[in-house]
Amino acid sequence: MNKYLKTFLPHLLAFAAFILLVIIYFSPVFFEGKELELHDAFHGIASGQEAREYRERTGEEALWTNSMFGGMPLYIINIIFSGDLLSTLRSIILFLPRPAEMVFVLFFGFYILLVTLRCRPLVAFAGAFAYAFSTFAFVSIDAGHIWKVVAMGYAPLLLAGIILTLRKQYLPGLLLTALAVYLQISSQHIQITYYFALLIGIFFISELIISYQKKTLPDFFKACGVLLIAASLGVGANFGRLWTVQEYSQYSIRGKAELSDRKENGDGGLDKDYAFRWSQGRLENLTFFVPNLYGGGSQMRLGEDSETYKALRSAGNPAAASRDFVKNAPMYWGDQPMTSGPVYIGIVIVFFFVLGMFILGNNLRWWLLGGTVLSILLSLGHNFESFNYFMFDYFPGYNKFRAVTMVLVIALFTLPLTAALSLEKLIFDVKENNKELLKNLMVASGITGGIVLLVLLFSGSPSYVGSVDERLPEWLRSAIRSDRASLLRSDAWRSLLLILFAAGLVFFYVKKKLSFNILMLCLAGLIVIDLWSVNKRFLYDDKFEKGAKERFLAPTAADKVILSKGEGDPYYRVLNLAGDPFNEARTSYHHKSVGGYHGAKMRRYQDLIEHHLGQMNRPVLNMLNTRFVITGQAESPVQENRGALGPVWLVDKVEEVQSPDEEIAFLGNFNPSETAVVDASLFTVNQQEFSKEGSIELTHYEPNHLKYQFEASQPSFAVFSDIYYPEGWQAYIDGNPVEHMRVNYVLRGLEIPAGTHEIEFKFDPASYRIGNIIMLISSILIILLIPFVLFVAFKKKSHKEELVEEAVS
């Protein structure tokens, strides 16, 4: 028992220390019941409200929602797979209250990786703390990018599983890799997964070369076989997620464009301007050395000692108004449209990364350096066109993602990993070659300190001009630029001092003036103080408040009016013009919205926004059954649109066109109550003239099942105000499946024979149904693997102990 306690106690203490630090940092959450206003997370809650209500009422999954962008699949919004038996594992890891849970999962994953790499607990603590407390993680949390951060936390577990397998610990490696693949994919942040896949690809190339040199290729390929099995299990446990998302992606803005002016990306992907809008400036990655190099964030807290505050007061502004302004001062002056904060992981970590480039072996150095350099180059986006446009045009899958600055998650991974491994190597080398170590220490200090000194030396050269400056008076611009320069210089001096402290500690350790424990406690303290103080600039106590989510979701006066007027009508839509209707999902919490908030809306709906909805084309709004418009005006917050056509109507005529271009152009000048337009190159209409003398009405509404009652003496053509999506929607007439078609560029249309009929639309995608079964089987296999691996490990341990006892006796 004492042996087990001695083994695990340091790790338990490391986790306890980290949790204590997290509790202190997020004390408003733990002790005051406050929460962050997580912008993206709250919008995510709002967009999935219809799905939650349906789940609570029926115990089933809706799979489709009509509450956002006129209608779309729920695959990337809010969906539960009954075959996912491993979801409890996520709940165990994410046990702390939000947002502390996200920081913990970053620490947890990275600590496991460093222990797998045989780092001592104190070294693992320092490296994992740096990974968890990077400013990128904290500003992402502040923005509500929950699953981005969680995906970053799961990534180290995957590398740990791969390393165990390559060490010939096949069963533990198989289990950990399978679980890590499952966790990583289940976070459903494909962009983060993609970037870490790039890094792991570099790692495998490095391992292949090393195996070739050591003539151990058979062992390498055997490990690859085990990893392939593990990956198959992890993918299988997510098969429904992957299949449904892949199926939807071809119809989303990540898929192939259909309009001729959008086909520049060939087989699909985002527009270059959209994808590279957030690109790091050519020197902006120097924020790794000096966090406030470019002013920090677009909204920074300044004090009353700032030049900006003094200028505001001198201009006659009241003290309260001046204080309010400097609480959110526009300090950022880099290339990006805006940013919540810089990418910074601690100058001490950067110092040990540079040191590692001199003391680590080639088997580690080159793949870590390669991943870091690739990350930095990709983050430059349009500021390094020759490389990044090539990647965008030719590298598989790369053109599916926007905000390329996010690729810096690779550098945020490799920097603390290299730093921790450097510390371990330092501890070993201090017994072997102190003279060489001191030389490398001087070089690393010179490089990192030299870069910071150059920043200081040239701090008078930049213009410090930001994109928002032109909207401000000259006297205020001048004061703000002065504060930007001051922020840069003070952070540069700060970084220089931290480098000197870290280098001094190592120097005294090499000279045997400090013990290992004192060295690591001091270095860990420097890392904690550094990152803690920088993060408090962006995620501070005042940002936490009580009831933030409830206030965000609470119905406004306009919502209450609409809910009252729309009572009894199960299916109308709302356009919210109080803000940007196509960049908010709060409306979706209470209504079925014409707009929404998601980075992967349907491609055709985006086309409709750009060509018609953005110009408030009344016929298009009518065909979407837009019954209410929120104006944002106090005197008349809601306007009722009498021209809304309802959930379904009959038309006189179906006009045929020959291309998507002609189809969307047709919507610019037509009467949707009389005419529908169809792309005849894709769909066939038996006749073009129809009778409107009959009747059709909605009799039953569920997001995934709609029923209509139809009666007419002649064949008719019905247009439904529902978004056309061919992968799973099936039309029925009197219980018999029939083909329906896309009309009016985005809606559903159906030819109906004369008589009295019941029309139904059901959403039952095979990708969900079959994918769920595969997930169930894979989850069971992984669960069964857990006791098997533990049994084999216990049996091996018992056998070793028997051999030891036999040898002793």
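Numbering of residues begins from 1 in every chain and follows the order in which that chain's sequence is written. Reporting in this predicted model follows two pLDDT cut-offs: at least 70 for local features of residues, and 80 or more for side-chain atom pairs to be given and counted; totals over whole chains, interfaces and linings ignore these cut-offs and use all residues. Side-chain calculation: all heavy atoms of the structure are included, whereas hydrogens and water are not.

## Details of the overall build of the protein
Quick reminder of the rule: Runs of H or I in DSSP of at least four residues are treated as helices and runs of E of at least two as strands, each being numbered from the N terminus. Our radius of gyration looks at C-alpha atoms and nothing else; its globule reference is 2.2 Å times the residue count to the power 0.38. Per-residue accessibility takes into account occlusion by the displayed protein chains alone, with areas from the Shrake-Rupley method and a 1.4 Å probe. By the counting scheme adopted, Arg and Lys are positive, Glu and Asp are negative, and His together with the chain ends is not counted. In plain terms, the charge of a residue is placed at NZ if it is Lys, CZ if Arg, CG if Asp and CD if Glu.
Within the protein one finds 30 helices and 19 strands. Taken over the C-alpha trace, the protein has a radius of gyration of 30 Å; the compact-globule value for 809 residues is 28 Å, and the two agree within 12%. Here the C-alpha coordinates of the protein stretch approximately 100 × 80 × 50 Å along the principal axes. Accessible surface, the protein: about 34400 Å² in total, of which carbon and sulfur atoms supply 59%. Looking at charge distribution, the protein has the averaged site of its 73 positive side-chain charges lying 12 Å from that of its 77 negative ones.

## Here we look at the side chain of Ser47
To keep things clear, this is the line we draw: Throughout this description, a polar contact denotes any pair of N or O atoms lying within 3.5 Å of each other; where both atoms belong to protein, one of them has to be capable of donating a hydrogen while the other can accept it, and for residues adjacent in sequence the pair is counted only when both atoms sit in side chains. We call two residues in contact whenever any of their non-hydrogen atoms come within 4.5 Å of each other.
Position of Ser47 among the secondary structure elements: in helix H3 (residues 39-47). In this structure the side chain of Ser47 is engaged in a polar contact, spanning 2.9 Å, whose partner is the backbone oxygen of Gly44. The residues touching Ser47, leaving out its near neighbours within four places in the chain, are Thr65, Met68, Ile77, Ala585 and Ser588.

## Some remarks on helix H10 (residues 170-186)
As a reminder, the rule being used: One fewer than the residue count of a helix, multiplied by 1.5 Å, yields its expected span. A simple rule labels every residue: compare its accessible area, found with a 1.4 Å probe on the protein chains alone, to the largest value its type can have, and call it buried under 20%, exposed over 50%, or partly exposed in between.
Between its terminal C-alpha atoms H10 stretches 24 Å, which fits the 24 Å expected from 17 residues at 1.5 Å a residue. Counting buried positions along H10 gives 15 out of 17 residues, so the element sits mostly inside the fold. Looking one or two residues past H10, Gln188 carries a phi angle of roughly 55°, positive in sign.

## Side note on the pattern of salt bridges
Selection criterion: Whenever Lys or Arg places a side-chain nitrogen within 4 Å of a carboxyl oxygen from Asp or Glu, that contact is recorded as a salt bridge.
As enumerated under the stated definition, the model contains 30 salt bridges in all. Close ionic contact of Lys592 with Glu50 constitutes a salt bridge, the shortest N to O distance being 4.0 Å. Residue Lys592 is located in strand E6 (residues 592-593), and its partner Glu50 is located in helix H4 (residues 49-58); the two are separated by 542 residues in the primary sequence. Across this residue pair, the class does not change: Lys592 and Glu50 are buried. The shortest N-O distance in the salt bridge between Asp142 and Lys543 comes to 2.6 Å. On the criterion of sequence distance, the pair formed by Asp142 in helix H8 (residues 135-143) and Lys543 in the loop between helix H23 (516-535) and strand E4 (544-545) is long-range, its members being 401 residues apart. Residues joined in a network through salt bridges with shared partners are Asp569, Arg627, Glu640 and Arg642.

## Considerations on the packing of helix H11 (residues 190-214) against helix H20 (residues 409-429)
We apply this condition: Helix axes use the C-alpha atoms of the stretch in contact, all axes being lines fitted to C-alpha atoms, and the angles between their N-to-C directions lie in the range 0 to 180 degrees. To sort the angles, those under 35 degrees are grouped as roughly parallel, those over 145 as roughly antiparallel, those from 65 to 115 as roughly perpendicular, and the leftovers as oblique. Note on convention: near helix rotated counterclockwise from far helix by under a right angle means a left-handed crossing. Clockwise means right-handed. Residue classes follow a fixed rule: Ala, Val, Leu, Ile, Met, Phe, Trp, Tyr, Cys and Pro count as nonpolar, while Asp, Glu, Lys and Arg count as charged, and any other residue, Gly among them, counts as polar.
Running from N to C, H11 and H20 cross one another at 50°; their axes reach a closest spacing of 9 Å. The angle between H11 and H20 places the two elements in the oblique class. In terms of crossing hand, the pair formed by H11 and H20 is right-handed. Between H11 and H20, the residues in contact are Ile192, Tyr195, Phe196, Leu198 and Leu199 and Val409, Ile410, Phe413 and Thr414, respectively. Looking at the contact of H11 with H20 residue by residue, the class counts come to eight nonpolar, one polar and no charged.

## A short note on the sheet that holds strand E5 (residues 573-576)
Put simply, the rule reads: DSSP calls a pair of strands paired once it identifies at least 2 bridges connecting them.
Strand order in the open sheet formed by four strands is E6-E5-E7-E8, with mixed pairing between adjacent strands. At either margin of the open sheet sits one strand with a lone partner, and together these are E6 and strand E8 (638-640). Helix H25 (residues 557-565) contacts E5, strand E7 (626-630) and E8 of the sheet and is inclined by roughly 160° relative to E7.

## What to know about the sheet that holds strand E17 (residues 741-743)
What links the strands of a sheet is backbone hydrogen bonding, and the strands pair in either a parallel or an antiparallel sense. The strand order E9-E14-E18-E17 describes an open sheet built from four strands, whose pairing is antiparallel. The sheet is open, and its two edges are formed by strand E9 (648-651) and E17, each paired on a single side. Ignoring which end each strand starts from, the neighbouring axes of this sheet average 40° apart.

## Some thoughts on a nonpolar patch on the surface
The test is simple: The residues that make up patches have over 30% relative accessible area and no salt bridge, and they are joined within 9 Å when like-charged or within 5 Å when they are Val, Leu, Ile, Met, Phe, Trp or Tyr.
On the surface, a cluster of nonpolar side chains totalling about 500 Å² of accessible area is made up of Leu5, Phe8, Leu9, Leu12 and Leu13. Within the element layout of this structure, Leu9 appears in helix H1 (residues 2-25). For Leu9, a relative accessible area of 37% translates into the label partly exposed.

## Focus on the packing of helix H15 (residues 307-314) against helix H16 (residues 319-327)
In the contact formed by H15 and H16, the axes pass within 9 Å of each other and the chain directions differ by 150°. One way to sum up the angle between H15 and H16 is to call them roughly antiparallel. As H15 packs across H16, the resulting crossing turns out to be right-handed. Contacts between H15 and H16 involve Thr308, Tyr309, Leu312 and Arg313 from the first element and Ala319, Ser322, Arg323, Phe325 and Val326 from the second. Of the residues contributing to the contact of H15 with H16, the split by class is five nonpolar, two polar and two charged.

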